[in-house]
Amino acid sequence: MRQITTKFIKIRKVLLITVAYTASLGSVGALSGTITNYVTKMILLTRFPKLDVVTFLSWSTAFLPVAMIEVVFAFVVLYFMHMRRLAMEINRDTVHDAFAIKYKSLGNVTVAEKVVVVVLTVAFVLWSTREPIFFSGWATWPNLNAVDDASVAFMAVAVLFAVPMSCDNLDKRILSWSVVTHKMAWGMLLTFGGGQALGVASDITHLSTDLVMLIDSLSIRTPLQLQVLISLSAAVLTEFTPNDAAATILMPVVITLLIPGIMVKFACQIVNLAVLNTLGEYVFSLTAFPQWGYTCFGDRPSGLFPKH
């Protein structure tokens, strides 16, 4: 019995890492998947106010295939390097019964959970159809041009604050301020604010300019070369800037999963570059200088963008 419990603990650790991988890799597929995606769009809009190609639907069109491929690859790596061996050591019926007990403990789907699913679905549809680049969205309708993605998110939150938890409990709402204050990831907001502060500091101290000059000194003349440099730099940098809490909790597991983590990391870089230069080129026309760029630069920069 003790051996079975120990093996279940190992399976649980691998499953936790699998969830971490899928949550991280899958968040690339939607603009709302992670705050980093929205920060990217915000920075682009700040630097290039006329930018009109980065929308919720265009982002998902270009990067949802990336997320799907990377999640499948991460699953394959973790399965063959860890889960398959553990699965062979434990009876399948035992594992099935354990999962069945956990699933049964969840209970039936509540009214509140159904409402949350509906609200999130509606918000996703509104985000996707607000300003799609493939057809005219509802943002072009009269008196709706000032409505943005944040307005949709605020509307969804307002609905959750207004709808009761159930028909039998009309006084309790699905979302309340006490729940927000206790469950809100304030550390994430502080981290986001710190990142914004670092970004402003890099502009004030001209660190960004120095980095641009450093990249320019490398004689990079094609978008693919620049993508490879930025992608690998980001991949290496994130290995040395982990979340402290996650690192503390998962440190005993990190050592055993170091090799699959490295494999997934660099395989994802290959997938990113491949999709970015195929589907991404189709959606965003990356190798052609955009029309909105002339309002920022006045003329087409030489080097990276070939003449057509």
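Residues numbered from 1 in each chain as written. Predicted model: local features only at pLDDT ≥ 70, side-chain atom pairs only at ≥ 80, totals over all residues. Heavy atoms only, no water.

The name given to the protein chain in an unreviewed UniProt entry is Na+/dicarboxylate na+/tricarboxylate and phosphate transporter, with the source organism recorded as Amblyomma americanum. Quoted verbatim from the Subcellular location (unreviewed entry) field of the UniProt record, the comment on the protein chain reads "Membrane". Quoted verbatim from the Sequence similarities (unreviewed entry) field of the UniProt record, the comment on the protein chain reads "Belongs to the SLC13A/DASS transporter (TC 2.A.47) family. NADC subfamily." (UniProt positions renumbered as here; feature names shortened; annotations may be inferred.)

Our next topic: the UniProt feature "transmembrane region" (unreviewed entry) in the protein chain. The positions that UniProt labels "transmembrane region" (unreviewed entry) are, in the present scheme, residues 56–80, 111–130 and 150–167. With 100% helix and 0% strand, the stretch residues 56–80 has end C-alpha atoms that lie 35 Å from each other. End-to-end, the C-alpha atoms of residues 111–130 are 28 Å apart, and along that stretch the chain is 100% helix and 0% strand. (Helix = DSSP H or I, 4+ residues; strand = E, 2+ residues; numbered from the N terminus.)

Quick look at the pattern of salt bridges now. Using the criterion set out here, one finds one salt bridge in the structure. The partner of Asp149 in a salt bridge is Arg130, with the nearest N and O atoms 2.9 Å apart. In this pair, Asp149 sits in helix α6 (residues 149–162) while Arg130 sits in helix α5 (residues 111–130), placing the two residues 19 residues apart along the sequence. The same class applies to Asp149 as to Arg130, namely buried. (Salt bridge = Lys/Arg side-chain N within 4 Å of Asp/Glu carboxyl O. Buried < 20%, exposed > 50% of the residue type's maximum accessible area, 1.4 Å probe, protein only.)

Interhelical geometry of α5 versus α6 gives an angle of 165 degrees and a closest axis separation of 10 Å. Considered as vectors, α5 and α6 are oriented roughly antiparallel to each other. Considering how the two elements wind past one another, α5 and α6 form a crossing that is right-handed. Residues Val116, Val119, Ala123, Leu126, Trp127 and Arg130 of α5 form the contact with α6, whose participating residues are Asp149, Val152, Ala153, Met155, Ala156, Val159 and Leu160. (Axes fitted to C-alpha atoms, helices over the stretch in contact; angles between N-to-C directions. Parallel < 35°, antiparallel > 145°, perpendicular 65-115°, else oblique. Left-handed = near helix turned anticlockwise from the far one by under 90°. Contact = heavy atoms within 4.5 Å.)

What follows covers the layout of surface pockets. A volume near 210 Å³ is recorded for the second largest pocket. As for the second largest pocket, its lining consists of Ile11, Leu15, Tyr79, Met83, Arg84, Ala87, Met88, Ile90, Arg92, Val95 and Phe99. For the lining of the second largest pocket, the secondary-structure elements that each account for two or more residues are α1 (2–26), α3 (56–89) and α4 (92–105). Ranked by the residues each element gives to the lining of the second largest pocket, the list is headed by α3, at five residues. For the lining of the second largest pocket, a count of residues per class yields nine nonpolar, no polar and two charged. (1 Å grid on protein atoms, 1.4 Å probe; cavity = no way out; pocket = protein on both sides within 12 Å on 5 of 7 lines; lining within 4 Å. Points joined across faces, edges and corners; volume = space filled by probe spheres on them. Nonpolar A, V, L, I, M, F, W, Y, C, P; charged D, E, K, R; others polar.)

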